[in-house]
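Close look at the chain arrangement
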Amino acid sequence: MLDISLFREDPEAIDAALARRGVAPVGAKVAALDSRRRALLTDIQKAQAERNETSKGIGFAKREGRDAQDLMDAVSALKEKMAGLEADERAVAAELDDLLLGIPNVPLDDTPDGADEADNVQVRVHGEKPHFSFAPKEHFELGEALGLMDFEVAARLSGSRFVVLKGGLARLERALGQFMLDLQTTEHGYEEVATPYLVRSDALIGTGQLPKFSEDLYRAGDEHWLIPTAEVTLTNLGREHILTEEDLPIRVTALTPCFRSEAGAAGRDTRGMLRQHQFSKVELVSVTTPEDSRAELDRLVGCAEEVLKRLGIAYRVMRLCTGDMGFSAQATFDIEAWLPGQNTYREISSCSLCGDFQARRMRMRSRGKAEKKTRFPHTLNGSGLALGRTLIAVMETYQNEDGSITVPEALKPYMGGMDRITP
């Protein structure tokens, strides 16, 4: 959520910043609602003061034996007036909150302008694309030929965009998760956290998925939603808390299943595992001071990149333009792995700086030990990495002409000595 003071001070500047994201002007409406709410609060305070003063008059009149009916009628009228004003204030406040909750974060000044992914900017490329003496296959061709990847059984169980993995591929996916967690916790300083997979609406409001993107989520009963990413639970660990700035940065990670309806992805990536309703992911979340957040973003990207470096997967890093960033982000770097079967790069991690946007929504604050005032810390999140897409990259990169998959060196300790996946 954006700071309301920005709309009070310069609504035109906010509109200009949001226009870079293709958002229609909202500054005047926010400022008008805010002004109306503050006026109502002033009227309520005045009515309350008048009521208190009139109530005192009733006591004086009674002690002096005078008729106090007129004063009592005035108090009743003021009480009724206050009830009306308070109802109006609640309605205006609710309208203002709904409006603010639907406004995306403003991009950093150095975020590239653009309409969509075609305007993203390549930052760097790492690793050599593998060369084959045969035509490389896509992951689903490899997996089905091995008899270890079954989309038909998954469809009978759950419908489209699900998969059943068996044998060596199931173990390879599990090995990827363990490898990623071990790397991030033992070498990069992230604390592993086990969190719930079900959350209340407030948690999703805090990270920005609600109220605007409910169609992308799965609801579970009246009170809960399935998490679309562990960003939700990990970032909300600090909700409604005052953090000590000397303890920052906080860096946490979790391996969880993620559930997404993919409502906006109809017809896209219908074959294979690229776009699933359920997938597992290692998530990285940082909470830090405003002064350190930009450097923390670079560090976060590096932590995610290291996974692909250790696995020997070629990749590139892209700086997302204003039109392709997520709702809560100020700046985003995507890491795209090279998939030989598709002969293209595909996103495997997205790392974002959210500034104080999420902290405001979840009422998370920070304060130095010598300070009296609190402020909003900055939050960051990124995939480190998505297991399914990493599995795809490993399968396609390490495929052999006979259809087997060579196990990367980094994963062999997690595979019980298995160095090749065969039927």
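About the criteria used
Residues numbered from 1 in each chain as written. Predicted model: local features only at pLDDT ≥ 70, side-chain atom pairs only at ≥ 80, totals over all residues. Heavy atoms only, no water. Helix = DSSP H or I, 4+ residues; strand = E, 2+ residues; numbered from the N terminus. Buried < 20%, exposed > 50% of the residue type's maximum accessible area, 1.4 Å probe, protein only. Contact = heavy atoms within 4.5 Å. Lys, Arg positive; Asp, Glu negative; His and termini not counted. Charge placed at Lys NZ, Arg CZ, Asp CG, Glu CD. UniProt positions renumbered as here; feature names shortened; annotations may be inferred. Polar contact = N/O pair within 3.5 Å; in protein donor to acceptor, adjacent residues only side chain to side chain. Pairing = 2+ DSSP bridges. Domains from an automatic or database assignment. Buried area = accessible area lost by both parts, 1.4 Å probe. 1 Å grid on protein atoms, 1.4 Å probe; cavity = no way out; pocket = protein on both sides within 12 Å on 5 of 7 lines; lining within 4 Å. Points joined across faces, edges and corners; volume = space filled by probe spheres on them. Expected span 1.5 Å × (residues − 1). Disulfide = S-S within 2.5 Å. Phe/Tyr/Trp six-rings, centres within 6.5 Å; stacked < 30°, edge-to-face > 60°.

Take the overall build of the protein next. Along the backbone of the protein there are 12 helices and 17 strands. Counting only C-alpha atoms and orienting by the principal axes, one finds that the protein spans roughly 105 × 45 × 40 Å. The buried share among the 423 residues of the protein stands at 50%. In the protein, the share of contacts with a sequence separation of at least 24, taken over all contacts with a separation of at least 6, comes to 73%. The averaged location of the 67 negative side-chain charges in the protein is 3 Å from the averaged location of its 53 positive side-chain charges.

This next bit is on the UniProt feature "binding site: ATP" (unreviewed entry) in the protein. The UniProt entry lists Arg260, Ser261, Glu262, Glu347, Ile348, Ser349 and Ser350 under the feature "binding site: ATP" (unreviewed entry), expressed in the numbering used here. Judged by its relative accessible area of 28%, arginine 260 falls in the partly exposed class. If near-sequence neighbours (up to four positions away) are discounted, arginine 260 is found in contact with Asp216, Tyr218, Pro228, Thr229, Gln276, His277, Phe279 and Lys281. Only 2.9 Å separates the side chain of arginine 260 from the backbone oxygen of proline 228, close enough to count as a polar contact. On the secondary structure map, serine 261 appears in the loop between β9 (250-259) and β10 (278-288). With sequence-adjacent residues up to four places away left out, serine 261 is seen in contact with Glu215, Asp216, Leu217, Tyr218 and His277.

Now for the pairing of β10. Most of β10 sits inside the fold, with 9 of its 11 residues counted as buried. Relative to β10, β9 runs antiparallel, the two being bridged by 10 bridges. Counted as the bridge partner of threonine 256 is lysine 281 from β10. By the bridge criterion, 7 bridges tie β10 to strand β15 (residues 378-386) in an arrangement that is antiparallel. Paired with leucine 284 across the strands is glycine 382, a residue of β15.

It is worth spelling out the UniProt feature "binding site: L-serine" (unreviewed entry) in the protein at this point. Mapped onto this numbering, the UniProt entry annotates "binding site: L-serine" (unreviewed entry) at Thr229, Ala230, Glu231, Arg260, Glu283, Asn381 and Ser383. Within the secondary structure layout, glutamate 231 lies in helix α9 (residues 231-235). Residue glutamate 231 is classed as buried on the basis of its relative accessible area of 10%. In contact with glutamate 231, other than residues within four places in its own chain, are Thr207, Gln209, Asn236, Glu283, Val285, Gln358 and Asn381. Along the chain, serine 383 falls in strand β15. The class of serine 383 is buried, set by a relative accessible area of 9%.

Another aspect to go through is the domain arrangement of the protein. Quoted interface sizes are often the accessible area lost when the parts come together. According to the domain assignment, the protein contains domain 1 (4-102) and domain 2 (117-421). Taking only C-alpha atoms into account, the centre of domain 1 sits 45 Å from that of domain 2. Every contact between the two is made by 5 residues of domain 1 and, on the other side, 9 residues of domain 2. Both faces combined, the contact of domain 1 with domain 2 buries some 630 Å², and carbon together with sulfur accounts for 48% of it. Among the residues domain 1 hides against domain 2, the three largest losses belong to Arg21, Leu101 and Gly102. Together they make up 81% of the total.

Locating aspartate 34 in the fold gives a position in helix α3 (residues 27-63). Assessed through its relative accessible area of 2%, aspartate 34 is described here as buried. Along the backbone, aspartate 34 and leucine 96 are 62 residues apart, and their C-alpha atoms lie at a distance of 7.0 Å. The contacts of aspartate 34, once residues within four sequence positions are left out, are Ile4, Arg8 and Leu96. For aspartate 34, the side chain forms a polar contact with the side chain of arginine 8, separated by 2.6 Å.

To continue, consider the layout of surface pockets. Its volume calculated, the second largest pocket comes out at about 390 Å³. Along the wall of the second largest pocket there are 20 residues; nearest its centre are Met1, Asp97, Leu100, Arg360 and Arg363. Secondary-structure elements contributing two or more residues to the lining of the second largest pocket are α1 (4-9), α3, α4 (69-101), α8 (201-207) and α11 (357-361). Among the elements that line the lining of the second largest pocket, the one with the most residues is α4, at 5 residues.

Relative to the 28 Å expected for 20 residues at 1.5 Å per residue, helix α7 (residues 167-186) spans 28 Å between its end C-alpha atoms, a close match to the ideal helical length. For α7, every residue scored as buried is listed here: Gly168, Leu169, Leu172, Glu173, Ala175, Leu176, Gly177, Phe179, Met180, Leu181, Leu183 and Gln184.

It is worth spelling out the sheet that holds strand β6 (residues 218-220) at this point. Spatial ordering of the open sheet is given by β5-β7-β6, a layout of 3 strands whose pairing is antiparallel. Sheet topology places β5 (198-199) and β6 at the edges, where each strand pairs with a single neighbour. Two elements, β5 and strand β7 (residues 224-226), share 2 bridges in a ladder whose sense is antiparallel. Opposite valine 199, over in β7, you have tryptophan 225 as the bridge partner.

By definition, a disulfide links the sulfur atoms of two cysteines through a covalent bond. Summed over all chains, the structure comprises 0 disulfides. Cysteine cysteine 303 remains unbridged, with the sulfur of cysteine 351 as its closest cysteine sulfur at 8.8 Å.

Per the counting criterion, the structure on display carries 5 aromatic pairs. Centre to centre, the rings of tryptophan 338 and tyrosine 345 are 5.0 Å apart; their planes meet at 70°, and the pair counts as edge-to-face. The pair formed by tryptophan 338 and tyrosine 345 is uniform in burial state, with each residue classed as buried. Put simply, the rings of Phe213, Phe327 and Phe357 touch in pairs and so form one group of aromatic residues.

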